[in-house]
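A look at the structure
Take a look at the letters that make up each chain.
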Amino acid sequence: AQSVTQLGSHVSVSEGALVLLRCNYSSSVPPYLFWYVQYPNQGLQLLLKYTSAATLVKGINGFEAEFKKSETSFHLTKPSAHMSDAAEYFCAVTLNQAGTALIFGKGTTLSVSS
Amino acid sequence: DTGVSQDPRHKITKRGQNVTFRCDPISEHNRLYWYRQTLGQGPEFLTYFQNEAQLEKSRLLSDRFSAERPKGSFSTLEIQRTEQGDSAMYLCASSLGGQGRETQYFGPGTRLLVL
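Below or above, wherever it landed, is the structure these notes cover. (Residues numbered from 1 in each chain as written. Chains lettered and ligands numbered in written order. Predicted model: local features only at pLDDT ≥ 70, side-chain atom pairs only at ≥ 80, totals over all residues. Heavy atoms only, no water.)

Further remarks concern the state of the cysteines. Under the defined criterion, the tally for this structure stands at two disulfides over all chains. Covalent S-S linkage joins Cys23(A) and Cys91(A), the inter-sulfur distance amounting to 2.0 Å. Judged by the sign of its S-S torsion, about -65°, the bond between Cys23(A) and Cys91(A) is left-handed. Taken together, the residues span a long stretch of sequence, with Cys23(A) in the loop between strand E3 (19–21) and strand E4 (24–26) and Cys91(A) in strand E10 (residues 87–95) at a distance of 68 residues. When sorted by exposure, Cys23(A) lands in the same class as Cys91(A), which is buried. In this model Cys23(B) forms its disulfide with Cys92(B); the gap between the sulfur atoms is 1.8 Å. As the torsion about the S-S bond is roughly -70°, the Cys23(B)-Cys92(B) disulfide counts as left-handed. Of this pair, Cys23(B) sits in strand E3 (residues 19–24) while Cys92(B) sits in strand E9 (residues 88–95), placing them 69 residues apart in sequence. Comparing Cys23(B) with Cys92(B), the two get one shared label, buried. (Disulfide = S-S within 2.5 Å. Helix = DSSP H or I, 4+ residues; strand = E, 2+ residues; numbered from the N terminus. Buried < 20%, exposed > 50% of the residue type's maximum accessible area, 1.4 Å probe, protein only.)

Here it is as structure tokens:
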């Protein structure tokens, strides 16, 4: 069975600091991996996804993530945090086949202070 | 492309009442998903449609829950005899084709509170 673990339910950084949100996955088959962001009272928005092409994936708003098979990780990073990055971030995995549901981690709340 | 819409955005009901939620996917999308999100948790899969066919249901979807997607367009999720444990955000998502790599686009959700 597939699963996702997000280490750290809450991460706090200063504006301009590096953002690192951790995600480890478990999958018996090659996975597809996603990062979504959720702002208060809004739906989830896709930041980026890994679909077995390049292992370093660039997304929107300056975020990127690297797929490391040996570490079963897909950590999300951003070199310099902005106040507008404060939100909840979810890592998700799905199988390499059509129509399967996303399996989400519990989420990490990112706080950015000035 | 107007995005995925859900109605209502908020619903307060008393225990034992029935409630129905609606989801309108992005128009050309053939796949539609329902998820449930409780406080402090990530979304959990409930059920999935390809066109009008309901192809997969989670064990979370008890007999009190039913979902339909007539004509492969909008979808409804009904909860009968609501319980306080049903209080959650109900999210709808839609996608187009692919082999699992396609992006699921989420609606804003319907927040249900059962008193």
